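The residues making up each chain are set out below.
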Amino acid sequence: MVMSLDNLRGFALATSSSAFIGSSFVIKKIGLKKAGDVGVRAGSGGYSYLYEPLWWIGMVTMILGEVANFAAYAFAPAILVTPLGALSIIFSAVLAHFILNERLHMFGVVGCALCVVGSIDIVLHAPMERKIDSVSEIWQLATEPGFIVYSCLAVALALVLMFWVVHHTEQRKMLAYVAICSLFGSLTVISVKAVAIALKLSFNGVNQFVYIQTWFFISVVIICCLVQLNYLNKALDSFNTAVVAPVYYVMFTTLTILANMIMYKDWDSQNATQIASEVCGFVTIVAGTFLLHKTRDMGNTQPDSDSLRADCELQEHS
């Protein structure tokens, strides 16, 4: 299947985004560690990392990646752009191996290869971008019953995780943090795509910022991003980067694709073979990310220092 020019542009932007974002995980992790040595750790509710230059460098790197990702959504459908986030896992795992001494086992290398193969499969079978002429069209899609139900369920579940699950469990805290990021992340992607299309149309001479709907989508992006940033910091500070990154990717991508299927109906223009190929590509990526997850400790000859510190904290609170 031949890629359209817009899909090719989206692919290039999404790939560069993954390089920046994957690097930012490691840079921010170093900053969080340094900040935790002199102040209250982010995982314990502290904000000392705000005074750490390395954390801000990681933040700027992530912003550059998100800008590239933001631009990618203006050219290509989310079904193409979002799964390519798997490449950021490869960048973060390899850098963590060499910089953070979070050893990458041979099975981890196989997991990275699976992520690449799955990404290529999705790119080759991605649907064409839906033609949208105004933000009003996006608003009409967003106010259909199916997407309203999804949005309400996503926000309600995230609030339950934030105000009950996180405070009543230690074993599932990492999954709770990641789930909160992913639920809000799926709504972020929907809104980011709307804003990106609004900018694209505005640059082409059709001003979309005269519509109140555009500013509503911008507000959703800001609020959701702030929530994601807070809980992603907690996850990164408390748990191994090689665990957080793949689990976050799988959960975030699954929910994002689901949200886009409900709202934009990206698969309406495709046949069963193309859809099956995309599903197989995504399953291949999921297999790769979980292989990275399951073999995360095989390359380590001694327990990770963060894990030991976390165990000590749990014993002190019990």
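Remember, it's a predicted structure, so these values are computed and weren't measured experimentally.

K.L.:
Outline a nonpolar patch on the surface, listing residues and values.
P.N.:
Judged by side-chain polarity, Tyr47, Leu50, Tyr51 and Trp56 come together as a nonpolar surface patch covering roughly 510 Å² of accessible area. Position of Trp56 among the secondary structure elements: in helix α2 (residues 53-75).

K.L.:
I'd love a proper account of the environment of Phe11, names of residues and values included.
P.N.:
Structurally, Phe11 is set in helix α1 (residues 5-38). Phe11 gets classed as partly exposed once you look at its relative accessible area, which sits at 29%. Each C-alpha atom, one on Phe11 and one on Leu80, is 7.5 Å from the other, the two residues being 69 residues apart in sequence.

K.L.:
So, the pattern of salt bridges: which residues are in play, and what are the values?
P.N.:
In this structure the tally under the stated criterion is five salt bridges. Residue Arg9 is joined to Asp6 by a salt bridge in which the shortest nitrogen-to-oxygen separation is 3.5 Å. With Arg9 and Asp6 both in helix α1 and three residues apart, the pair spans about one turn of that helix. A salt bridge links Lys34 to Glu52; its shortest N-O distance comes to 4.0 Å. A residue pair is termed long-range when its members are at least 10 positions apart, and Lys34 in helix α1 and Glu52 in the loop between α1 and α2 qualify at 18 residues. Classification of Lys34 as partly exposed rests on a relative accessible area of 43%. In the salt-bridge network here, residues are joined through shared partners; they are Asp6, Arg9 and Lys200.

K.L.:
Lay out the side chain of Ser186 in plain terms, naming residues and giving numbers.
P.N.:
Secondary-structure assignment places Ser186 in helix α8 (residues 173-203). Taking relative accessible area as the criterion, Ser186 reaches 0% and is therefore assigned buried. Each residue touching Ser186, except ones within four places of it in the same chain, is listed here: Tyr150, Phe252, Leu255, Thr256 and Ala259.

K.L.:
A description of the packing of aromatic side chains should follow, citing residues and the corresponding values.
P.N.:
Taken as a whole and assessed by the stated rule, the structure comprises ten aromatic pairs. Relative to Trp215, the ring of Phe209 has its centre 5.7 Å away and its plane inclined at 65°; by these criteria the two rings are edge-to-face. When its relative accessible area of 44% is taken as the criterion, Trp215 is described as partly exposed. A centroid spacing of 6.0 Å and a plane angle of 65° characterise the contact between Phe216 and Phe217, whose relative ring orientation is edge-to-face. A relative accessible area of 43% places Phe216 in the partly exposed class. Assessed through its relative accessible area of 4%, Phe217 is described here as buried. Every member of this aromatic cluster is reached through a ring pair, and the members are Tyr47, Tyr49, Trp55 and Trp56. Over the aromatic face of Tyr264 sits the side chain of Lys193, whose NZ or CZ is 5.8 Å from the ring centroid.

K.L.:
Tell me about the packing of α1 against α2, residues and numbers included.
P.N.:
As a packed pair, α1 and α2 sit with axes 7 Å apart at the nearest point and diverge in direction by 160°. The angle between α1 and α2 places the two elements in the roughly antiparallel class. Helix-helix and strand crossings are classified by hand; for α1 and α2 the assignment is left-handed. Residues that form the contact of α1 with α2 fall into these classes: 17 nonpolar, eleven polar and five charged.

K.L.:
An account of the nonpolar core is needed here, citing residue identities and associated values.
P.N.:
Of all hydrophobic cores here, the largest spans 67 residues; its most connected members are Ile138, Phe147, Ile180, Met263 and Tyr264. For this core, the secondary structure elements donating two or more residues are α1, α2, α3 (78-81), α6 (135-142), α7 (145-168), α8, α9 (212-238) and α10 (241-263). Excluding residues within four positions of it along the chain, Tyr264 makes contact with Arg130, Ile132, Ile138, Leu141, Ile190, Lys193 and Ala194. One finds Leu87, Ala93, Cys115 and Leu292 within the second-largest nonpolar core, a separate group that totals 16 residues.

K.L.:
Requested: an account of α6, with residues and values cited.
P.N.:
What α6 keeps buried is the set Val135, Ile138, Leu141 and Ala142. Here the buried residues of α6 occupy an arc of 115° about the axis, which is enough to place them on one side.

K.L.:
Which residues make up the confidence of the model for the protein, and what values do they have?
P.N.:
One rule of thumb: low pLDDT means the predicted coordinates there are not for detailed reading. Looking at the protein, the pLDDT average stands at 83 and 90% of residues meet or exceed 70. Taken element by element, the predicted model of the protein shows its lowest mean pLDDT in helix α12 (residues 305-317) (42) and its highest in α6 (93). Confidence over residues 302-318 falls short of pLDDT 50; this stretch has ten contacts with residues more than four positions distant or in other chains.

Cut-offs applied
The written sequence of each chain sets the order in which its residues are numbered from 1. pLDDT decides what is reported in this predicted model: residues at 70 or higher carry local features, side-chain atom pairs at 80 or more are listed and counted, and totals for whole chains, interfaces and linings draw on all residues regardless. The side-chain figures draw on all heavy atoms in the structure; neither hydrogens nor water molecules are used. Residues with no salt bridge and a relative accessible area higher than 30% make up the patches, which join like charges within 9 Å and nonpolar side chains (Val, Leu, Ile, Met, Phe, Trp, Tyr) within 5 Å. Here the Shrake-Rupley method, with its probe set to 1.4 Å, supplies the accessible areas, and only the displayed protein chains count as covering residues. Put simply, a salt bridge is a Lys or Arg side-chain nitrogen that is within 4 Å of an Asp or Glu carboxyl oxygen. To qualify as a helix, a DSSP run of H or I must reach at least 4 residues; to qualify as a strand, a run of E must reach at least 2; elements of each kind are numbered from the N terminus. With a 1.4 Å probe rolled over the protein chains alone, any residue whose accessible area is under 20% of its type maximum counts as buried; one over 50% counts as exposed, and the rest are partly exposed. Whether two residues are in contact is decided by their heavy atoms, any of which lying within 4.5 Å being enough. Centres within 6.5 Å are what make two rings of Phe, Tyr or Trp a pair, Trp counting through its six-membered ring; a difference in plane orientation under 30 degrees is then read as stacked, over 60 as edge-to-face, and the rest as tilted. In our convention, an over-ring charge means Lys NZ or Arg CZ found within 6 Å of a ring centre and within 35 degrees of that ring's normal. Note on method: axes are straight lines fitted to C-alpha atoms, helices fitted across the in-contact stretch only, with angles between N-to-C directions ranging 0 to 180 degrees. Between 65 and 115 degrees an angle is taken as roughly perpendicular, under 35 as roughly parallel, over 145 as roughly antiparallel, and anywhere else as oblique. Two helices crossing with the near one rotated counterclockwise from the far one by less than a right angle form a left-handed crossing, whereas a clockwise rotation gives a right-handed crossing. Classification convention: Asp, Glu, Lys, Arg as charged; Ala, Val, Leu, Ile, Met, Phe, Trp, Tyr, Cys, Pro as nonpolar; all other residues, Gly among them, as polar. The definition of a nonpolar core used throughout is a set of buried Ala, Val, Leu, Ile, Met, Phe, Trp, Tyr and Cys residues joined through side-chain atoms within 4.5 Å. Arc definition: directions from the helix axis to the C-beta atoms. Within a predicted model, pLDDT stands for the predictor's per-residue confidence, ranging from 0 to 100.

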